[in-house]
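Fold and contact review
These are the residues of each chain, in order.
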Amino acid sequence: MTVILRLLGTLVSIGAGLAASHLLGYVWKAVTGRDAPQADDDLENSVASALVFAVVSGTVGRVIQVLLKRATAKAVLHYEKTPEIV
C-alpha cells in the first residue's frame, strides 16, 4: 500500500505541476498582457521578462513539490500507524 500511496503522490504532483503551469500562464497574461515566455530562444520577450517568469514558475513549482511530498509522507505515516482504517 505504501508504494501505491507514493505512486499516487507522484501522479498528483505531476498533475498539480501541469495545472499550476497553465494557471501561471493565464495569470502572467492577465498581468502583463503578453503570453508567458515559454521558449528559451524566443526573442520577442525581453531577457528580464524571461528571467522573472523563470524565477516565478520555478518558485511555484518548488512550493507545490514540497507541499505534495509532505502530504504524501503524512499519508504514508498515517497508513503505517492505522492500516486497518484505510
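The structure this text deals with has already been given above.
Residues numbered from 1 in each chain as written. Predicted model: local features only at pLDDT ≥ 70, side-chain atom pairs only at ≥ 80, totals over all residues. Heavy atoms only, no water.

Description of a nonpolar patch on the surface
On the surface, Leu-7, Leu-11, Ile-14 and Leu-18 cluster together into a nonpolar patch covering about 410 Å² of accessible area. Relative to the elements of secondary structure, Leu-7 occurs in helix H1 (residues 2-32). (Patch = residues over 30% accessible without salt bridge, like charges linked within 9 Å, V, L, I, M, F, W, Y side chains within 5 Å. Areas by Shrake-Rupley, 256 points an atom, 1.4 Å probe, with all protein chains shown as cover. Salt bridge = Lys/Arg side-chain N within 4 Å of Asp/Glu carboxyl O. Helix = DSSP H or I, 4+ residues; strand = E, 2+ residues; numbered from the N terminus.)

Brief notes about the packing of aromatic side chains
For the structure on display, the rule yields one aromatic pair. Here the aromatic rings of Trp-28 and Phe-53 are separated by 5.2 Å at their centres, their planes lie at 80°, and the arrangement is edge-to-face. Remark: Phe-53 occurs in helix H2 (residues 47-81) and Trp-28 occurs in helix H1; sequence separation between them is 25 residues. You can call Phe-53 buried: its relative accessible area is 7%. (Phe/Tyr/Trp six-rings, centres within 6.5 Å; stacked < 30°, edge-to-face > 60°. Buried < 20%, exposed > 50% of the residue type's maximum accessible area, 1.4 Å probe, protein only.)

Quick word on H2
Counted at 1.5 Å a residue, the expected span for H2 with its 35 residues is 51 Å, and the 51 Å between its end C-alpha atoms agrees. Every buried residue of H2 is listed here: Ser-49, Phe-53, Ile-64, Thr-72, Val-76 and Tyr-79. (Expected span 1.5 Å × (residues − 1).)

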